[in-house]
Amino acid sequence: MEELIDVPAGLHNVAVTDTMIGDVRGDEGFYHYRQYDATDLARTATFEDVWHLFETGVLPSDDQRERFRADVAALRTVPTELHELLDVVAHIEDAPLAKLRTVLSASAGPTDARPMLDVAPEQRVVDARRLAAMVPAILARLYRCAAGTAIVVPDRSLGHAAAYLHEVTGVVPNPDHARALEQYLILTIDHGFNASTFTGRVVASTGASIVDVVCAAIGALAGPLHGGAPSRALDALDAIGTPDRAADWVRGELTAGRRIMGFGHAVYRTPDPRSSLLREVARQLGGELVERAMAIESEILATLAELKPDRPLPSNVEFYAGVIMATVGLPPEMFTPTFAVSRTIGWCAHALEQADAAKLIRPSARYVGPAPRHAALSR
């Protein structure tokens, strides 16, 4: 029997594969997509530009950008075979991500998404692009069906972020709101081997379909310790109310053993670069919520530094994500699902990379329970 190798709990600092998609350097407060600083891309590129980068490895030329944008826009549809199911699922009392996962599971048939092991690499790319384009359309339709409002037909003239915001709210967004959401989405396409990305790669390693991969990743994202924090961070702002109450609120939460949502990160020991850029984006949007969030953030950071001087807990991406999404008109129940709009592209990129590697991920576990009764010794 091969000797087992012990690894740190949670696989902390264990490199499980090689990737060309991106990396997070927590000690430096830096992360990148391919060879590009992710925050630079969020400042200068469109969402479709970065999607093209993930899919092909290069940023598009002007002609490529227009073709790619048109291709993606044409795929922002929900197959008619799913409409009846979607209408039923929308009215079930469940979380939006669970509803998305249910509808996506049923999409494999209408979209002919076969196991990646059985299709050529080129077809895998086609399947991944179609699924990623379909996710925001499904989410918007689920939301509006549940609310009893008319379905908004995807507008092909709008960019991906603007189209999603239009489909959810029913209002064509002003350019500032659309760009703010677009920047948030660019920043959250990928972020190392987080829980949902690793989950997706495990499923992809079995040769499953791209639909199976994304459904599994959504299951991991649904956990509040991973993707469920944007609305919780906004809830914290509501609970605090005014900046002068922030210090006492933080002390109370820590005394009760609760985490301060929107602060601290498993990787970063410096300010989260995503949070730093989103703070700028929020400041440009302006408004009472933004001003209150910035004032409360300062008080929380000061209190955390006082109470936990040996453990840096800077604000992370979730703190301003909720503020921005609320400001541009998205309802709180759509905050985490909106994260899935962008992260699906990252999951798909990792799935394609894993499929190309053609290596099953199959670790072992060390048994520590009661000693078993060996069958051979019991005769």
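Up top is the structure.
Colleague: What should I look at first to understand the layout of surface pockets in this one?
Modeller: Rolled over the atoms, a probe with the dimensions of a water molecule shows which regions are left empty. Approximately 1700 Å³ is the volume attributed to the largest pocket. In the lining of the largest pocket, the residues fall into 21 nonpolar, 16 polar and 12 charged. Surrounding the second largest pocket, 21 residues form its lining, I5, V7, R362, P363 and S364 being those nearest its centre. Its residues assigned to classes, the lining of the second largest pocket shows 12 nonpolar, 3 polar and 6 charged.

Colleague: Got a minute to help me understand the pairing of strand β1 (residues 22-25) in this structure?
Modeller: Look at any regular strand and the pattern is simple: side chains alternate between the two faces of the sheet. Side chains of β1 alternate between two faces, with G22 and V24 buried and D23 and R25 left unburied. As paired strands, β1 and strand β2 (residues 30-33) are joined by 4 bridges and run antiparallel to one another. Bridge assignment links R25 to a residue of β2, and that residue is F30. The turn linking β1 back onto β2 is made up of 4 residues, and G29 within it adopts a positive phi angle of 65°.

Colleague: In this structure, what is going on with helix α8 (residues 175-187)? I would like to understand it.
Modeller: Every α-helical turn comprises 3.6 residues, leaving residues that sit three or four positions apart pointing alike. In this model, α8 (13 residues) spans 18 Å end to end at C-alpha, consistent with the 18 Å of a helix rising 1.5 Å per residue. Of the positions making up α8, those classed as buried are A178, A180, L181, E182, Q183, Y184, L185, I186 and L187. At the N-terminal boundary of α8, the capping side chain belongs to N174, with an oxygen 2.9 Å from the backbone nitrogen of D176.

Colleague: Would you mind going over the packing of aromatic side chains with me for this structure?
Modeller: Aromatic ring pairs: the centre-centre distance and the angle between the two ring planes describe each pair. Scanning all chains against the criterion turns up 7 aromatic pairs. A centroid spacing of 5.7 Å and a plane angle of 80° characterise the contact between W51 and F68, whose relative ring orientation is edge-to-face. In this pair, W51 sits in helix α2 (residues 47-56) while F68 sits in helix α3 (residues 62-74), placing the two residues 17 residues apart along the sequence. Take W51 and F68: they sit in the same class, and that class is buried.

Colleague: How should the sheet that holds β1 be read in this particular structure?
Modeller: Two orientations exist for strands paired in a sheet by backbone hydrogen bonds: parallel and antiparallel. Pairing is antiparallel across the open sheet formed by 3 strands, whose spatial order is β1-β2-β3. Here the strands that pair on one side only, and so sit at the sheet edges, are β1 and β3 (36-37).

Colleague: I keep staring at empty space enclosed by the protein and nothing clicks. Help me out?
Modeller: Across all of its chains, the model carries 2 cavities of 30 Å³ or more by this definition. Elements supplying a minimum of two residues to the lining of the largest cavity: α2, α6 (121-147) and α16 (335-357). Lining the second largest cavity, in full, are S107, T111, A113, D127, R130, L131, M134, I210 and V211. Only α5 (96-111), α6 and α10 (210-221) provide two or more residues apiece to the lining of the second largest cavity. Top element by residues in the lining of the second largest cavity is α6. It accounts for 4 residues. In the lining of the second largest cavity, the residues fall into 5 nonpolar, 2 polar and 2 charged.

Colleague: Would you mind showing me how to read the pattern of salt bridges here?
Modeller: Between side chains of opposite charge, a pair can form when the charged atoms approach closely. Taken as a whole and assessed by the stated rule, the structure comprises 19 salt bridges. R129 is paired through a salt bridge with D71; the nearest N and O atoms lie 3.4 Å apart. Residue R129 is located in helix α6, and its partner D71 is located in helix α3; the two are separated by 58 residues in the primary sequence. Residue classification places R129 among the buried residues on the basis of a relative accessible area of 18%. Across the pair R258 and E253 runs a salt bridge whose closest N-O atoms are separated by 3.0 Å. Connected through shared salt-bridge partners, D49, D62 and R65 make up one network.

What counts, and where the lines are drawn
Residues numbered from 1 in each chain as written. Predicted model: local features only at pLDDT ≥ 70, side-chain atom pairs only at ≥ 80, totals over all residues. Heavy atoms only, no water. 1 Å grid on protein atoms, 1.4 Å probe; cavity = no way out; pocket = protein on both sides within 12 Å on 5 of 7 lines; lining within 4 Å. Points joined across faces, edges and corners; volume = space filled by probe spheres on them. Nonpolar A, V, L, I, M, F, W, Y, C, P; charged D, E, K, R; others polar. Buried < 20%, exposed > 50% of the residue type's maximum accessible area, 1.4 Å probe, protein only. Helix = DSSP H or I, 4+ residues; strand = E, 2+ residues; numbered from the N terminus. Pairing = 2+ DSSP bridges. Expected span 1.5 Å × (residues − 1). Polar contact = N/O pair within 3.5 Å; in protein donor to acceptor, adjacent residues only side chain to side chain. Phe/Tyr/Trp six-rings, centres within 6.5 Å; stacked < 30°, edge-to-face > 60°. Salt bridge = Lys/Arg side-chain N within 4 Å of Asp/Glu carboxyl O.

Any link to function would need more than the numbers given here.
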